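Here are the chains, one letter per residue:
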Amino acid sequence: MPEIVKLPKFGLTMQEALVSEWKVGVGERIEKGDVLAMIESEKVEMELPSPASGIVARYLVETGETVPVGSEVAVIVSDESELEEYKEEGLGEGKEQGG
C-alpha cells in the first residue's frame, strides 16, 4: 500500500510552505527519516523527512510550488513491484527531481 506523504505543520503559525528542492528522485529508494525535500516557510528552510522506507513513486507538488499544511506532496511505495502496479493504475511517473 502506498504511503502518502503530507506536508506537516512545523510551527504553531505555519499555514503553508514552499517545496524548494526534492532530495530524492522518482524511482529512487529512500529510508524512513531520510530527507525527502527541503521546504520553506516564513523565511525558514526545513528538512521534510520521509515517513516511510521505500521507493519514491511520484511527486504531487512541483519544485517552487507553495501548498497548504496537510497537502499531499509525494507517494512512497514499498518495493519495485508495487511501483509498477502503482504506475499501471494511471497515477503516472510523477514530477521530475528538482534542483
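This text follows the structure it describes.
This write-up is about the structure you can find in this document. (Residues numbered from 1 in each chain as written. Predicted model: local features only at pLDDT ≥ 70, side-chain atom pairs only at ≥ 80, totals over all residues. Heavy atoms only, no water.)

**Section: the overall build of the protein**
The cut-off we apply is this: Helix numbers and strand numbers start at the N terminus; a helix is a DSSP run of H or I with at least 4 residues, a strand a run of E with at least 2. For each residue, the accessible area found with a 1.4 Å probe, counting protein chains only, is set against the maximum for its type, and the residue is called buried under 20%, exposed over 50%, and partly exposed in between. Contacts were defined at the residue level, with two residues in contact if any of their heavy atoms lie within 4.5 Å. Only the protein chains shown count as covering a residue, and every accessible area follows the Shrake-Rupley method with a 1.4 Å probe.
A count of helices and strands for the protein gives 1 helix and 8 strands. The linear arrangement of helices and strands in the protein, starting from the amino end, is β-β-β-β-β-β-β-β-α. Put simply, the protein has 99 residues, and 36% of those count as buried. Counting only contacts in the protein whose residues sit at least 6 apart along the sequence, the fraction spanning at least 24 positions is 60%. For the protein, the exposed area adds up to about 5,700 Å²; of that, 46% sits on carbon and sulfur atoms.

**Here we look at the sheet that holds strand S6 (residues 54-59)**
Using the following cut-off: What makes two strands pair is DSSP finding at least two bridges between them.
The strand order S1-S8-S6-S3 describes an open sheet built from 4 strands, whose pairing is antiparallel. The open sheet has two free edges, formed respectively by strand S1 (3-6) and strand S3 (29-30), since each of these has just one partner strand. Pairing analysis gives 4 bridges linking S6 to strand S8 (residues 72-77), with the strands arranged antiparallel. Note that in S8 the partner of Tyr 59 across the bridge is Ala 74.

**Points about the pattern of salt bridges**
Note the threshold: The term salt bridge refers to a pairing of a side-chain nitrogen on Lys or Arg with a carboxyl oxygen on Asp or Glu at a separation within 4 Å.
Using the criterion set out here, one finds 1 salt bridge in the structure. Residues Glu 21 and Lys 23 are paired through a salt bridge, measuring 3.4 Å at the closest nitrogen-oxygen approach. The exposure class assigned to Glu 21 is partly exposed, which follows from its relative accessible area of 25%.

**Considerations on the side chain of Ser 50**
Under the convention used in this document: For the purposes of these results, a polar contact is taken to be a pair of N or O atoms within 3.5 Å, where, inside protein, one atom must be able to donate a hydrogen and its partner to accept one; residues adjacent in sequence count only when each atom of the pair is a side-chain atom.
As for its position among the elements, Ser 50 is in the loop between strand S5 (44-49) and S6. Since its relative accessible area comes to 3%, Ser 50 is described here as buried. Among the polar contacts made by the side chain of Ser 50, one reaches the main-chain carbonyl oxygen of Ala 52 at a distance of 2.6 Å. Excluding its chain neighbours within four sequence positions, the residues that come into contact with Ser 50 are Ile 30, Glu 31, Lys 32, Gly 33, Asp 34, Leu 36 and Ile 76.

**Looking at the pairing of strand S4 (residues 35-41)**
Counting buried residues along S4, 5 of its 7 residues qualify, which places the element largely inside the surrounding structure. The pairing of strand S2 (residues 16-22) with S4 spans 4 bridges and is classified as antiparallel. For Glu 21, the partnering residue across the bridge sits in S4 and is Met 38. Relative to S5, S4 is paired through 6 bridges, and the arrangement is antiparallel. Note that in S5 the partner of Ile 39 across the bridge is Met 46.

Worth remembering: the numbers are spatial, not functional.
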